[in-house]
Amino acid sequence: MKKRAFSLAEIIVSITILILSIFPTLKINSRQIKIIKKLELSNSSLNLFSSLNTFLLSENILIDNNSSFEFRNYAEIESSEIFKDLNLKYYPKQDFTLRVFLKNENVNFFHNILVCKIINLEFSDSCNYYTSKIIKFED
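Predicted, not measured: the structure shown is a model, and the values here were computed from it. (Residues numbered from 1 in each chain as written. Predicted model: local features only at pLDDT ≥ 70, side-chain atom pairs only at ≥ 80, totals over all residues. Heavy atoms only, no water.)

### Describing the side chain of Ser-124
Rules: In DSSP terms, a helix is any run of H or I states spanning at least four residues, a strand is any run of E spanning at least two, and both are numbered starting from the N terminus. The buried label applies to any residue whose accessible area, calculated with a 1.4 Å probe on protein chains only, is under 20% of its type's maximum; exposed applies above 50%, and partly exposed to all values in between. We call two residues contacting when some pair of their heavy atoms lies within 4.5 Å.
Position of Ser-124 relative to the elements: it lies in strand 3 (residues 112–124). A residue is classified by how much of its surface remains accessible, and Ser-124, at 18% relative accessible area, is buried. Here Ser-124 is in contact with Phe-96, Thr-97 and Tyr-129, once residues within four sequence places are set aside.

### Section: the nonpolar core
Under the convention used in this document: Put simply, a nonpolar core is a bunch of buried Ala, Val, Leu, Ile, Met, Phe, Trp, Tyr and Cys residues held in one set by side-chain atoms that sit within 4.5 Å of each other.
Ranked by size, the top nonpolar core spans 22 residues in total, and within it Leu-52, Leu-56, Ile-77, Phe-83, Leu-98 and Val-100 carry the most contacts. Looking at which element gives the most residues to this core, the answer is helix 1 (residues 8–58), with five residues.

### Focus on a nonpolar patch on the surface
As a reminder, the rule being used: Patch rule: a residue counts if its relative accessible area is over 30% and it has no salt bridge; like charges are joined within 9 Å, and nonpolar side chains (Val, Leu, Ile, Met, Phe, Trp, Tyr) within 5 Å. For every accessible area listed, the method is Shrake-Rupley and the probe measures 1.4 Å; residues are considered covered only by the protein chains on display. The working definition used for a salt bridge is a side-chain nitrogen of Lys or Arg within 4 Å of a carboxyl oxygen of Asp or Glu.
On the surface, Phe-6, Ile-11, Ile-15 and Ile-19 cluster together into a nonpolar patch covering about 430 Å² of accessible area. With respect to the secondary-structure elements, Ile-15 resides in helix 1. Of the residues examined, Ile-15 reaches a relative accessible area of 44% and is grouped as partly exposed.

### Quick word on the pairing of strand 3
The cut-off we apply is this: We call two strands paired when DSSP finds no fewer than two bridges between them.
Taken together, the 13 bridges between strand 2 (residues 97–109) and strand 3 define a ladder with antiparallel strand orientation. In the strand pairing of strand 3, Asn-106 is matched with Val-115. Sheet topology note: the strand 3/strand 4 (residues 129–138) ladder contains 10 bridges and is antiparallel. Its bridge partner being in strand 4, Phe-123 is matched across the sheet by Tyr-130.

None of this, on its own, says anything about what the molecule does.
If you want it as structure tokens, here you go:
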């Protein structure tokens, strides 16, 4: 019996088939990587929004009658007086817009007037928009 090596044509055909079968897989993986990056970005935005929302719920913020603040990045948030005690480990690296509207209202509950703080929180970035309304009553 004669041992026969692979011919050049067989090698070229097999390599071509291998490349054609791997190319779609690489294309799918690059799409998956792009989707994962978008999800991580929106997850960091949601984490920042929920952290700010929780902070505003728990803290007693002294405000004037009507105040509004707008922040464009995390450095502005860190330097603001409202969020001076806030300490975040993870935050979105891209720019965003955070609007905080603070308002004091007097509410009449059965001839008992209470001071109510209304805090509107709006967060938006390139692909997400979150909003929240917090109502706190003071004694």
